[in-house]
Amino acid sequence: MEAINTVKPSKKFINKQYINGVLMTCVGLVGIAIGAPHLIGLGIFFLVMTSIQSNKEIIKVYEHHLETKFSALASANYIKFSDLKQVERVSDKKIFVHYMQGDKPKKFRVPVHMIDEKEVSHFLNILDSKIVAVAS
């Protein structure tokens, strides 16, 4: 099945993660002298996770459902558009999508810090249109 729309992490987010990995690795190398080499491992972890996540789609929109996978180690979450209830915009940096999973209300936070502003607004417009289509 072909995705209608996909969202990848922004270059800005990837660059921040990469810089964090390089800095942690450098601090770990200096830490060898003071007895804290464990930071090298954390830095390498950041670099590996960044390289894995840099080309992955974190949100995929299909005809009848939505797939989210915000981290390389996270499991994928599938949400039917018929289960969507509301998109709650608390602020520009805090957006929640409410949906039902069986009889239980659930929500996930849209990782606005990971996505370009244009892609966030496009994704939210798609969700709003799907919610309206399901409600009609």
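Check the entry above for the structure.
Below is a summary of the structure that appears in this document. Residue numbering note: each chain is counted from 1, following its sequence as written. Whole-chain, interface and lining totals are the exception, using all residues; otherwise, since this is a predicted model, local features are given only for residues with pLDDT of at least 70 and side-chain atom pairs are given and counted only at 80 or more. Side-chain measures were taken over the full set of non-hydrogen atoms in the model, leaving aside hydrogen atoms and water.

Glancing now at the sheet that holds strand β7 (residues 104–110). Pairing between strands is defined by DSSP: at least two bridges between the two strands are required. For the purposes of this entry, the term helix denotes a DSSP run of H or I that reaches at least four residues, the term strand denotes a run of E that reaches at least two, and both are numbered from the N terminus. Pairing is antiparallel across the open sheet formed by 3 strands, whose spatial order is β5-β6-β7. Both outer strands of the open sheet, β5 (84–91) and β7, are each paired with one neighbouring strand and no more. Pairs of neighbouring strands in the sheet enclose a mean axial angle of 25 degrees, with direction left out of account. In this sheet, strand β6 (residues 94–101) lies alongside β5 in antiparallel orientation, the contact comprising 6 bridges. Bridge pairing in β6 links E88 to F96. Axes, fitted as lines to C-alpha atoms, cover a helix only where it is in contact. Angles between the N-to-C directions of the axes lie from 0 to 180 degrees.

Note that soluble globular proteins tend to have their nonpolar side chains buried in a common cluster. Working definition of a nonpolar core: buried Ala, Val, Leu, Ile, Met, Phe, Trp, Tyr and Cys residues. They are joined through side-chain atoms within 4.5 Å. Between buried and exposed lies partly exposed: a residue is buried under 20% and exposed over 50% of the maximum accessible area for its type, with that area taken using a 1.4 Å probe on protein chains only. Core analysis: the largest hydrophobic core is formed by 25 residues, its most contacted members being I59, L66, L84, V110, I115, F123 and L127. Taken together, the elements giving at least two residues each to this core come down to α1 (11–34), β2 (59–61), β5, β6, β7 and α3 (117–135). Contact criterion: two residues are considered in contact whenever any of their non-hydrogen atoms come within 4.5 Å of each other. Discounting residues that sit within four places of it in the chain, V110 has contacts with I95, V97, I115 and F123.

Once that is clear, we can look at helix α2 (residues 38–53). Between its first and last C-alpha, α2 extends 23 Å over 16 residues, near the 22 Å set by a 1.5 Å rise per residue. Among the residues making up α2, those that are buried are I40, G43, M49, T50 and Q53. In this structure, the buried side of α2 is in contact with α1. A helix is expected to reach a length of 1.5 Å times the quantity of its residues less one.

Below, the discussion takes up the environment of Y18. For Y18, the position within the fold is in helix α1. Placed 90 residues apart in sequence, Y18 and F108 show a C-alpha to C-alpha distance of 26 Å.

Let's shift gears to the sheet that holds strand β4 (residues 77–80). Sheets are built from strands paired through backbone hydrogen bonds, the pairs being either parallel or antiparallel. Pairing within the open sheet is antiparallel, and its 4 strands lie in the order β1-β2-β3-β4. In the strand order of this sheet, the two ends are held by β1 (5–7) and β4, each with one partner. Pairs of neighbouring strands in the sheet enclose a mean axial angle of 15 degrees, with direction left out of account. The pairing of strand β3 (residues 65–68) with β4 spans 4 bridges and is antiparallel. Its bridge partner being in β4, T68 is matched across the sheet by N77.

In this section: the pattern of salt bridges. Salt bridge, as used here: a side-chain nitrogen of Lys or Arg that lies within 4 Å of a carboxyl oxygen of Asp or Glu. Per the stated rule, a full pass over the model turns up 2 salt bridges. Salt-bridge contacts for D128 lead to R89; the nearest nitrogen and oxygen are separated by 2.7 Å. Placement of the pair is D128 in helix α3 and R89 in strand β5, with a sequence separation of 39 residues. Taking relative accessible area as the criterion, D128 reaches 26% and is therefore assigned partly exposed. Owing to a relative accessible area of 43%, R89 belongs among the partly exposed residues under this scheme.

The pairing of β6 with β7 spans 7 bridges and is classified as antiparallel. Directly across from Q101, in β7, lies its bridge partner K104. Where β6 folds back on β7, the antiparallel hairpin that results is connected by 2 residues, among which G102 adopts a positive phi of roughly 70 degrees.

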